[in-house]
Amino acid sequence: MRQAQLLKVEGLKQYFPIYGGFLGAQVNNVKAVDDISFVVNRGEAVSIVGESGCGKSTTGRAILRLDEPTAGSIELDGVDLLSLNRGEMKDTRKEIQIIFQDPYASLNPRLTVRQILYESMNIQKHIKRKDREARMYELLDLVGLQRDQAERFPHEFSGGQRQRIGIARALSVDPKLIVCDEAVSALDVSIQAQVLNLLKKLQREMGLTYLFISHDLGVVRHISNRIIVMYLGKIVEIGDNDSIFENPKHPYTQALLSAIPVPNPKKKSKRILLKGDVPSPIDPPQGCRFHTRCPFATDLCKEETPQLRTVDKMAEGHQAACHYINEVSFDNLKIEQELVKVESLQSEDASYERVK
Ligand SMILES: Nc1ncnc2c1ncn2[C@@H]1O[C@H](COP(=O)(O)OP(=O)(O)OP(=O)(O)O)[C@@H](O)[C@H]1O
Ligand code: SF4
Ligand SMILES: [Mg+2]
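Residues numbered from 1 in each chain as written. Chains lettered and ligands numbered in written order. Predicted model: local features only at pLDDT ≥ 70, side-chain atom pairs only at ≥ 80, totals over all residues. Heavy atoms only, no water.

The name given to the chain in an unreviewed UniProt entry is ABC transporter ATP-binding protein, and the organism recorded there is Metaplanococcus flavidus.

In structure tokens:
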């Protein structure tokens, strides 16, 4: 029987050395990802969200071993990726495809769509030359491009269409896992919804597995089965979609969620603006890393690092790293105080609701 778990990340650390001083010795390091563990099950879409610099892309790059992790283990389909030599990793890397924010930068401008897809299919040796054309048309159909667009170059397409070419290329090698790093961030909101709809449809029809990376919880809302919230290199909350959206426990998740436009124009809600800056990952705060921005912080938070723990026995897999789970809520907070500003908010935009 095939394992349900496809990707298993355990104790992953990614520290980037900082060199300086008179002799150019290592003086410190950027703790971009600092001891995170999670799994992605087959056929699941798991999203990693958090503000810029929290370590999302570094996590994605570590999984592909584009950077060599400092510590931890990464298993794909039972294979320990960190034990593979360079040649073995090259072969394995095609099983994990990554789709970036800027499809234009990752598509060779001198190749037509046909050539781009053929080049990619060549990597997958079991596709015979005579079958390539049929497979190419099949891929174009899947991602909603016209067959007669195969002879065009990337610059002849719009941003959304180019992202569809990127998706077709990723699918052409039958990957086990697709990592989408801010894959729709550069697109207009309406085009974002179309591309997200496409990814969702492909997941449903082909049983794809996604690791979706985004700074915007609104974008991942309808595509994810589970969500991982990161802050300054750590996971602060993890849970299924409903748990995160309906019952967020960590104050950071609550603040992130409050920034999402409300689809119902009659419904008023609060926007929580965190005022402080994100501290440097070179020298992250002791104890809870969020304590310098958290309006609920106590002395305990400054001293002791909260571990991820189960929020509610009934909500399987919902965990948060806060000493005061079930006690902290912005509902009871004064409108204006030192660390946060709470604004009342009315709906403007329901475009993400179209993603079904
Ligand atoms: N090669 C590197 N050398 C040194 N520091 C790095 C390197 N790559 C990333 N970092 C640092 O690691 C931290 C995490 O970066 P990362 O790119 O993973 O963030 P992110 O969550 O993807 O942010 P964004 O939303 O802006 O893409 C940042 O402080 C970044 O400056
Ligand atoms: S542990 Fe303390 S500082 Fe950290 S989120 Fe919870 S209340 Fe805030
Ligand atoms: Mg990034």
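So much for the structure itself; the text now carries on.
Asker: Describe in detail unusual backbone geometry, supporting the description with residues and values.
Answerer: Of note in the backbone geometry, Asp77 takes a positive phi value of approximately 55° without being a glycine. Relative to the elements of secondary structure, Asp77 occurs in the loop between β4 (71–76) and β5 (79–80). What makes Asp77 partly exposed here is its relative accessible area of 26%. One non-glycine residue, Leu232, lies in positive phi territory at about 50°. Here Leu232 lies in the loop between β9 (226–231) and β10 (234–240). Here Leu232 falls in the buried class, since its relative accessible area comes to 2%. (Helix = DSSP H or I, 4+ residues; strand = E, 2+ residues; numbered from the N terminus. Buried < 20%, exposed > 50% of the residue type's maximum accessible area, 1.4 Å probe, protein only.)

Asker: Tell me about the site of ligand 1, residues and numbers included.
Answerer: As a matter of local geometry, ligand 1 sits amid 13 residues, with Ser52, Gly53, Lys56, Ser57 and Thr58 nearest to it. Ser52 is positioned with one of its side-chain polar atoms (N or O) 2.5 Å from an oxygen atom of ligand 1. Take Gly53: an N or O atom from its main chain is 2.7 Å from an oxygen atom of ligand 1. Alone, ligand 1 offers 630 Å² of accessible surface; in the complex the protein occludes 61% of this. Elements with a contribution of two residues or more to the shell around ligand 1: β2 (25–41) and α1 (56–63). Counting residues per element, the shell around ligand 1 draws most heavily on α1, which supplies three residues. Looking at side-chain class alone, the shell around ligand 1 contains five nonpolar, five polar and three charged residues. (Near = heavy atom within 4 Å. Polar contact = N/O pair within 3.5 Å; in protein donor to acceptor, adjacent residues only side chain to side chain. Areas by Shrake-Rupley, 256 points an atom, 1.4 Å probe, with all protein chains shown as cover. Nonpolar A, V, L, I, M, F, W, Y, C, P; charged D, E, K, R; others polar.)

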